[in-house]
Every structure is written in C-alpha cells, then in structure tokens.
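A structural walkthrough
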Amino acid sequence: MAMLAPRPSILSVEPYVGGESKLPGVNRIIKLSSNEGAFGPPPGAVAAIQRIATEAHRYPDGSSKALREAIGARFGLDPQRIVCGNGSDEILALLILAYGGEGTEIVMSAHGFLMYDITGRWAGCRIIKVPERDLTADVDGLIAACGPRTKLVFLANPNNPTGSILPQAEVDRLRAGLRSDIMLVLDSAYAEYVDRPDYDAGARLVDATGNTVMTRTFSKIFGLGGMRVGWGYAPAEVVDVLNRVRGPFNVNAAAMEAAVAALAEPGWVEKNVAHNAEWRLKVTEALTAAGIKVWPSQGNFVLADFGTADRARAADAHLKSRGLIVRMMGAYGLPSCLRITIGTAEENGLLTEALGAFMAGLRD
C-alpha cells in the first residue's frame, strides 16, 4: 500500500527546540535561555492587551496599518515599505518561500540562526553553511560560497547565538560582493542592544540597493516575545511579493495593539539599553574571572565557552539544580558553549555566583 510522504527535504529538518522554561521539582525558575527582555513587557503594552480583550471576536486589520505607521514614525521609514509578521521568523520564511524553493541555494554563516536552515529545508533549498572566523561571519567566505543557484544570503547582525557583529564596512563589502540577483537578508533582531557607533541595522543598505531586506522584532528589547510580532523593511517590489504570499490576518489584534504601545513607552528602550550594557560587561567580567571564556557580544546575551562539551553539560546541570535555565548550544554546532541571557540585576548575580561556585568546585 502506498504511504503518504512529504517532500524529501522536509524529513531532513530537525524541529526547532525553544529555550526551556520549566524544571521539575524546582519552585523558583530563573529563565535565561531565550534572550527575552529583562524587564518583561512594557506597562503600556500590558494595558493595550487588556483593552483589546473585549474585541477578540473582531478580525484584525489585515494590513497592520497602524503598526506600520508607528514603526515608520519611530525609525524614520516609509510605512509602505514595511511588512509585519507573526514574529520576524514569519518574514524570513516568506522571503525563503517566495524567492527560494527546490533547486535553489541559501548561504548562511556556520553558526547563524537556526531558522534559516529549518525554513530553507522546508522550502526545498540547499543550505550552505560557511565556516566562521573567531565565531564571526566571514565575508569573503560567504561571497565565495555563492553559486549560480544561490538566491538568498542571510546575515544575523549581531548574530544569535555567538553575539558577534560585522562592522558596517564589512556588511557593505558583503552586499557589493554579491550578484544583483541575490537577496541579502539582514536579520537585526538585536539591533537596539548594539553600542558600536558605526552600526546601521540595515535601512541604509535597503534604501541604497534593490536587493536587500532588513528584519526586526518586538520579541527582544520590546518584551513581546509571547505576542509574536516582527517586521521587515524592503524595496517596494519585495513588499509587493510579501503581501501576496502572507496570510491575510498574519498579525493578531492584541499583538498589533501591544507593539504600538511598546513603541510609545517613554524611556523603555533607553532603560533596557543602559541595563544591558552595564550587565553584559559585569557578567562577562565575572565569568572571565571564574575561568570561563566569554565571546564578545553585542546582544542581550553572552556565549560562555567551557572548553569541552562534558564541562558545558556539567555546568548546565549545576545551574538547573539552582533553578537557573540557560541554553545548551549543541544544535548550533557549539557543544562546549552555553548561551546566557542578560536578566535582571538579581538574576545576573545568582547566575554569576552559581557559575563561580561550579568553576571553584572543578579546582577543588
């Protein structure tokens, strides 16, 4: 009897596993595994979600007009060239499905965000992962990896999970080195946390070229990971394509209201940026002093390298015994590393104390 079978590439997909959030038998959980905002959702967003609850029977605005206009006003962008989605993951998937597919190739950095690989396989693309230099994307390698079938190149900048960043001149060199019929997708989910003066999240390149797209999210600094809302800024022709293929109501009403309110929250981004800069440095210094290698990061997380996979697993187990959840990095090809989100001052203190004790125990 013939059996139903998906396209072969589907079965090569390893399902994405999000950061853990529960530990059996532990009363207080401190979740530092998913790079969520340290201070939760903005108060204005919470109030907006509550307000919209009584309108839950109404379909949302299919064009996300109010949200696009709020994003445009905040970032100085043309709302007509913004597309909103169910998290930036959806924008990434729509780009791959619209421009990729069977017989095409996607080029990405070896330790780039897993969803490029997962969605690319879903679409039937061949995924080419380019080795990195010091856990940083290699521009020459990315350019050299592109062949006649390459349709998209993905660059997360800053990159998740390594925290590394390419200087603006290198991003410009990457775009200049790619054929005009290759789309460069700049995934700038962590843009707000960057403190390099030369950094541009991508809008400048989008405006200067007809083949670059920037994606952004409300899941990190704006504290709305659970609402699933992200956006892309693209040339008008690409926006037209995305609007043809996205679902008619792909952003729910509560997510839209919450995102608009989050953009308007006074001082929210500034408070988060200042906290992250202070504590990213303090956590890095504390872990380094304990004997743990910490890779330089421009995100709201650090990548702690324990040298071996066994030691990383032991450190993870030690943290879990204290109710601290971080992220193992085996799925990213970094089995000796743990990715640790920058949390509140208290959470960061408990984290560094626990890892200090773990490393001291190894020396005893």
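Please read all numbers here as calculations on a predicted model, not as lab measurements.

The next point concerns the overall build of the protein. In terms of helices and strands, the protein carries twelve helices and 13 strands. When the backbone C-alpha atoms are referred to their principal axes, the protein occupies close to 60 × 60 × 50 Å. Counting the 364 residues in the protein, one finds 55% classified as buried. Of the roughly 15800 Å² of accessible surface on the protein, a fraction of 56% belongs to carbon and sulfur atoms.

This part covers unusual backbone geometry. If a residue is not glycine, its phi is most likely negative; likewise, a peptide bond is most likely trans. Residue P158 is bonded to the preceding N157 through a cis peptide linkage, with omega at 5 degrees. Note on placement: P158 falls in the loop between β5 (150–156) and α6 (168–177). Cis rather than trans, the peptide bond between N160 and P161 has omega equal to 20 degrees. Its location among the elements puts P161 in the loop between β5 and α6.

This part is about the environment of G226. On the secondary structure map, G226 appears in the loop between β7 (212–217) and β8 (230–233). Each C-alpha atom of the pair G226 and G62 lies 20 Å from the other, and the pair is 164 residues apart in sequence.

Here helix α3 (residues 88–99) crosses helix α8 (residues 236–245) at 95 degrees, and the two axes come no closer than 10 Å. The angle between the axes of α3 and α8 places the two elements in the roughly perpendicular class. Residues L94, L95, A98 and Y99 of α3 lie in contact with α8, whose contacting residues are E237, V238, V241, L242 and V245. Looking at side-chain class alone, the contact of α3 with α8 contains eight nonpolar, no polar and one charged residues.

Rules and cut-offs
Residues numbered from 1 in each chain as written. Predicted model: local features only at pLDDT ≥ 70, side-chain atom pairs only at ≥ 80, totals over all residues. Heavy atoms only, no water. Helix = DSSP H or I, 4+ residues; strand = E, 2+ residues; numbered from the N terminus. Buried < 20%, exposed > 50% of the residue type's maximum accessible area, 1.4 Å probe, protein only. Areas by Shrake-Rupley, 256 points an atom, 1.4 Å probe, with all protein chains shown as cover. Axes fitted to C-alpha atoms, helices over the stretch in contact; angles between N-to-C directions. Parallel < 35°, antiparallel > 145°, perpendicular 65-115°, else oblique. Contact = heavy atoms within 4.5 Å. Nonpolar A, V, L, I, M, F, W, Y, C, P; charged D, E, K, R; others polar.

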